[in-house]
Amino acid sequence: MGILYMEEEKLFKLDTPRTTYCIGLIDREGFLGHVYYGRKIENVQGASALMRVYEHPMTPETNARDRLSFLDNFPAEYSAHGVGDYRESSVRVRSALGHSAVLLTYESHEIYRGKESLAGLPATFGGENEVTTLSVTCRDRALGLRAVLSYSVFEDTDAIARSVRFFNDSDQPVFLEKAMSACLDMDDRDFDMITLHGSWARERRMDRRRVSHGKHAVSSLRGEPGHQEHPFLALLEHTATQTRGDVYGFSFVYSGNFRMQTEKNQFDSVRVTVGIEPEDFSWKLAPGESFQTPEAILVFSGEGLGGMSRAYHDLYRKHLIRSPYRNKKRPILINNWEATYFDFDEEKLLDIAREAAGLGIEMLVMDDGWFGNRFDDNRALGDWQVNEEKLKGGLKKLVDGVNALGMEFGIWFEPEMVSPDSNLYREHPDWAIAVPGRTPGLARNQYVLDISRREVRECILEQMFAVLHSANIKYVKWDMNRPLSDLGSAAAEADRQGELYHRYVLGMYEMQERLLAEFPELLLENCSGGGARFDPGMLYYSPQIWCSDDTDAIERLAIQEGTALVYPLSAMGAHVSVCPNHAVGRNTPFETRGFVALAGTFGYELDVTGLSKEDKAMVGRQTAMYHKFNDLVREGDYYRIASYGDNHLYDCFQVVSKDKKESLVFYVQVLGEPSRHSRILRLQGLCGDAIYHLYEADMQGEGRSIVKDTDREYSGQLLENGGIILERLWGDFRAKLIWLTQD
Ligand code: DGJ
């Protein structure tokens, strides 16, 4: 059993394979305090002392005259608001009388095997032998507000899932104005923090800095996580590296507004809070109603950042992604977006498919521009009927034609949006999110549909289902190309307008759930103008997410490194595209583009009919490479060896199979340099005693084998401690893929 309540000490002990988390209960007062989180401790007797409750001025029972000193210093498990803890609160209300204070104290607890799903929300899951849950019921008697704090620990992964459910047990409505999912108080241990930042086509760049006094937050008010900031935060010892040091990860399973924050206080303790962004959030709880927060996932690694990433990868692959594709090779797809943009018809698509089929590509995805009068991005969103001017003979004819070539077919939708120039908007202008009397702002010439409304969701799903039932469609790319603004729902009462951001996300989740219920075998790929909604919440619905609209192999090194800090390679949509690259104008070797895309889902985004003979030959070898290595990439352990972001010269990472029998080393020499030694890189994750034989990917060869035997063999110990030699490559942007195998 992963969770224990030690009655005498009033201590909850939560264990994962290599970590321990302890919560203390100050019985008479009912305060829940944070005691410990870190490396596994078998015997925690006496640990409650770590809460320092008997240190001046914190003794709660004997020091009632200084209650505020206690509350302002106590390491709270879920911080109060307005009663003397002046640090960041976890919850704030507006009561029927207009007050905001909340103080939740312990009432009871329950420990059970398994884990309940969270109504309407994506969440990690696991059976009775895989996960154990502690739920602690707390109450604010003055408000009649009950909160159940949930902690689930996994038997096979060093992760803890936390969430909170509120119940209004009073006979008056109460408004939740802030409802965080997790709060964690620890002493500062010379912590740095890492967060992920970016922009369109430049997503998830890592930013590492000292945790300093005051509050430092990343957040979103865009209605989605956004390109700019990301629902992830790591606290790590200043000296921690990829392989060493203590790291605490916080990831938020939610696809809307979030806030992840550190706060270092007067006594140098650090509070981390994770949850829905409180600004513009207000939720009316009528008597008897409840509110469920999304889930926060905490990971502790004593083995540096690499250990943290591997824990998240394992957790998300095993306990979050539900798709039937999660352990399966995905078809190699070719998407026509960068190949044609809006300028295509059925003949052009069939030309691409014909050529692609001969090169081993397995699916054609028809992107934006196939519906209504969508000849450019100024119109037709919301009118999901096939444009037969472009697709003469209709969708089924095209799909049958593609199938006849031995390829599957996929299609693009942007279900949450409406163009002002669309039949849908002309019929239902009030279905767009807007504030009465104020013309909402356009972005990409489109408005956001108010999918908090059932009739709006129904209308869009009905159109989508009709399209998807009309032909043999195996894949959907679900896009979302603008953030929310001008929040207002024509259907909501004034006192529920503050719920719109969250209800929008719930509406989107419900639509994806319905889509998958109707088409259980569908391969869904989420997308938001590239990677603006690449978050754990979306992984619950789609096993892969389009990583970025920047398909340049060199830009992708940083984007995919930041993404892989939290998410498995199997989730990262990555395609080979043409040069000069459409986002940056850079020319990179076709070979390098292939290796970088192989470290994700792998596919193409180019007009394969226009490729040179040499590039076509290489596509054939790349698709064979995908089949040879995708099991390893999809299911293996990820190790970061060197980062181009740090050294500005080269990038290197590795995947190792779970049984350590084989490994792939991805190496990209970004810039060539004159007069230098070869490079020695120390590998990780191997079996020390084993002997590994080295092969190199052979992309130029004529023969059937796509790897070249190097006739070199080394022990795992030598490769990890001595390293592997990588000779200098002639030119910039050159890459190597090395396969190590014990067989
Ligand atoms: C943004 C996506 O990221 C692209 O891949 C493409 O689907 C366009 N939208 C289409 O509008």
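Residues numbered from 1 in each chain as written. Predicted model: local features only at pLDDT ≥ 70, side-chain atom pairs only at ≥ 80, totals over all residues. Heavy atoms only, no water.

Enquirer: Could you clarify how one ought to interpret the pairing of strand β4 (residues 31-39) in this entry?
Expert: Side chains on a regular strand alternate between the two faces of the sheet. Burial analysis of β4 places eight of its nine residues in the buried class, which makes it a mostly covered element. Pairing between strand β3 (residues 19-26) and β4: eight bridges, direction antiparallel. Opposite Tyr21, over in β4, you have Tyr37 as the bridge partner. Adjacent in sequence and paired antiparallel, β3 and β4 are bridged by four residues, among which Gly30 carries a positive phi angle near 75 degrees. (Buried < 20%, exposed > 50% of the residue type's maximum accessible area, 1.4 Å probe, protein only. Helix = DSSP H or I, 4+ residues; strand = E, 2+ residues; numbered from the N terminus. Pairing = 2+ DSSP bridges.)

Enquirer: Where do I start with the site of the ligand in this structure?
Expert: Around the ligand sit 13 residues, and of these Asp367, Asp368, Lys477, Asp479 and Asp549 come closest. Within the side chain of Asp367, one N or O atom sits 2.6 Å away from an oxygen atom of the ligand. Asp479 is positioned with one of its side-chain polar atoms (N or O) 2.7 Å from a nitrogen atom of the ligand. Considering the ligand on its own, with 290 Å² of exposed area, one finds that the protein chains cover 98% of that surface. Of the residues in the shell around the ligand, the class split is four nonpolar, three polar and six charged. (Near = heavy atom within 4 Å. Polar contact = N/O pair within 3.5 Å; in protein donor to acceptor, adjacent residues only side chain to side chain. Areas by Shrake-Rupley, 256 points an atom, 1.4 Å probe, with all protein chains shown as cover. Nonpolar A, V, L, I, M, F, W, Y, C, P; charged D, E, K, R; others polar.)

Enquirer: Help me out: how do you make sense of the packing of helix α4 (residues 346-358) against helix α5 (residues 394-404) in this one?
Expert: Each pair of packed helices can be summarised by the angle the axes make with each other and by the distance between the axes. Two elements in contact, α4 and α5, have axes separated by 10 Å at closest approach and are oriented at 15 degrees. With respect to their mutual orientation, α4 and α5 come out roughly parallel. Crossing of α4 over α5 shows right-handed handedness. In this structure, α4 contributes Glu346, Leu349, Leu350 and Ala353 to the contact, and α5 contributes Leu398, Gly401 and Val402. Along the lines of polarity and charge, the residues of the contact of α4 with α5 split into five nonpolar, one polar and one charged. (Axes fitted to C-alpha atoms, helices over the stretch in contact; angles between N-to-C directions. Parallel < 35°, antiparallel > 145°, perpendicular 65-115°, else oblique. Left-handed = near helix turned anticlockwise from the far one by under 90°. Contact = heavy atoms within 4.5 Å.)

Enquirer: So what exactly am I meant to see when it comes to the packing of helix α11 (residues 590-598) against helix α12 (residues 613-635) here?
Expert: Between α11 and α12, the shortest axis-to-axis distance is 10 Å and the interhelical angle comes to 25 degrees. It follows that α11 is roughly parallel to α12 by the angle criterion. Note that α11 runs across α12; the crossing there is right-handed. In contact with Phe590, Glu591, Gly594 and Leu598 of α11, α12 contributes Asp615, Met618, Val619, Gln622, Met625, Tyr626 and Val633. Tallied by class, the residues present in the contact of α11 with α12 amount to seven nonpolar, two polar and two charged.

Enquirer: It is not clear to me how the domain arrangement of the protein chain should be interpreted in this structure. Could you clarify?
Expert: Size of an interface, as often reported, equals the accessible area lost when the parts are brought together. By domain assignment, the protein chain separates into domain 1 (2-319), domain 2 (333-546) and domain 3 (639-741). Just the C-alpha atoms count here: the centres of domain 1 and domain 2 sit 35 Å apart. With 35 residues of domain 1 in contact, the opposing surface of domain 2 contributes 29 residues. Taken together, the two surfaces of domain 1 and domain 2 that pack against each other cover about 2500 Å², and 57% of this comes from carbon and sulfur. In terms of surface lost to domain 2, no three residues of domain 1 exceed Glu224, Ser255 and Trp283, which account for 22% of the buried area on that side. Joining domain 1 to domain 2, the criterion identifies two salt bridges. A salt bridge links Arg496 to Glu289; the shortest N-O distance between them is 3.5 Å. Our count for the contact surface shared by domain 1 and domain 2 stands at 18 residue pairs in polar contact (both at pLDDT 80 or more). Every element with two or more residues in the side of domain 1 that touches domain 2 is listed here: β15 (247-253), β18 (283-285) and β19 (290-292). In terms of residue count, β15 provides more of the side of domain 1 that touches domain 2 than any other element does, three residues in total. (Domains from an automatic or database assignment. Buried area = accessible area lost by both parts, 1.4 Å probe. Salt bridge = Lys/Arg side-chain N within 4 Å of Asp/Glu carboxyl O.)

Enquirer: Teacher, can you tell me more about the sheet that holds strand β28 (residues 544-546) here?
Expert: Strand pairs in the sheet, formed through backbone hydrogen bonds, run parallel or antiparallel to each other. The sheet built from nine strands is open, its strands ordered β29-β28-β27-β26-β23-β22-β21-β31-β30 with parallel pairing. The open sheet has two free edges, formed respectively by β29 (572-573) and β30 (576-577), since each of these has just one partner strand. As paired strands, β28 and β29 are joined by two bridges and run parallel to one another. The residue bridging Trp546 from the neighbouring strand is Gly573, located in β29.

Enquirer: Could you clarify how one ought to interpret the pattern of salt bridges in this entry?
Expert: It is possible for side chains of opposite charge to pair when their charged atoms get near one another. Applying the stated criterion across every chain yields a total of 70 salt bridges. As a salt-bridge pair, Lys215 and Glu88 come within 2.8 Å of each other at their nearest N and O atoms. Here the residue Lys215 occupies a position in strand β13 (residues 214-219), and Glu88 occupies one in the loop between α1 (67-73) and β5 (91-94), the gap between them amounting to 127 residues. As a salt-bridge pair, Arg189 and Asp246 come within 2.7 Å of each other at their nearest N and O atoms. Of the two residues, Arg189 is situated in the loop between β10 (174-187) and β11 (191-197) and Asp246 in the loop between β14 (232-237) and β15; the sequence distance between them amounts to 57 residues. One continuous salt-bridge network, built from bridges that share partners, spans Glu88, Lys178, Lys215, Arg259 and Glu277.

Enquirer: I keep staring at helix α8 (residues 500-518) and nothing clicks. Help me out?
Expert: Helical geometry note: an α-helix holds 3.6 residues per turn, so side chains three or four residues apart project in the same direction. Taking 1.5 Å of rise per residue, the 19 residues of α8 would be expected to cover 27 Å, and the 26 Å separating its terminal C-alpha atoms lies within 8% of that figure. Those residues of α8 lying buried are Leu500, Tyr501, His502, Tyr504, Val505, Gly507, Met508, Tyr509, Met511, Gln512, Leu515 and Leu516. (Expected span 1.5 Å × (residues − 1).)

Enquirer: Just checking my understanding: could you explain unusual backbone geometry for this structure?
Expert: Leaving glycine aside, a negative phi is the common case for residues, and trans is the common case for peptide bonds. Cys579 connects to Pro580 through a cis peptide bond whose omega is -5 degrees. Secondary-structure assignment places Pro580 in the loop between β30 and α11. In this structure, Arg444 takes a positive phi of about 45 degrees despite not being glycine. Exposure remark for Arg444: the relative accessible area of 29% places this residue in the partly exposed category. Backbone geometry at Phe733 places phi at a positive 60 degrees, although glycine is not the residue there. Here Phe733 shows up in the loop between β38 (724-726) and β39 (734-741). Looking at Phe733, the relative accessible area reads 16%, which means it is buried.

Enquirer: Explanation requested: the nonpolar core in the structure shown.
Expert: Generally speaking, nonpolar side chains in soluble globular proteins are found buried as a group. Ranked by internal contacts, the top residues of the largest apolar core, which has 198 residues, are Phe166, Leu235, Trp370 and Ile411. In contact with Leu235, other than residues within four places in its own chain, are Met186, Phe191, Asp192, Met193, Val211, Asp246, Val247, Tyr248, Phe250, Thr262, Val270 and Val272. The next biggest cluster of nonpolar side chains, apart from the first, holds 20 residues, and it includes Tyr639, Cys652, Leu726 and Ile738. (Core = buried A, V, L, I, M, F, W, Y, C linked by side-chain atoms within 4.5 Å.)

Enquirer: I keep staring at empty space enclosed by the protein and nothing clicks. Help me out?
Expert: Summary: where empty space remains is shown by rolling a probe the size of a single water molecule over the atoms. According to the stated counting rule, one finds eight cavities of 30 Å³ or more in the structure shown. A volume near 170 Å³ is recorded for the largest cavity. The wall of the largest cavity is formed by 14 residues, among which Phe31, Leu32, Ala76, Tyr78 and Leu104 lie closest to the centre. Looking at the lining of the largest cavity residue by residue, the class counts come to 11 nonpolar, one polar and two charged. (1 Å grid on protein atoms, 1.4 Å probe; cavity = no way out; pocket = protein on both sides within 12 Å on 5 of 7 lines; lining within 4 Å. Points joined across faces, edges and corners; volume = space filled by probe spheres on them.)

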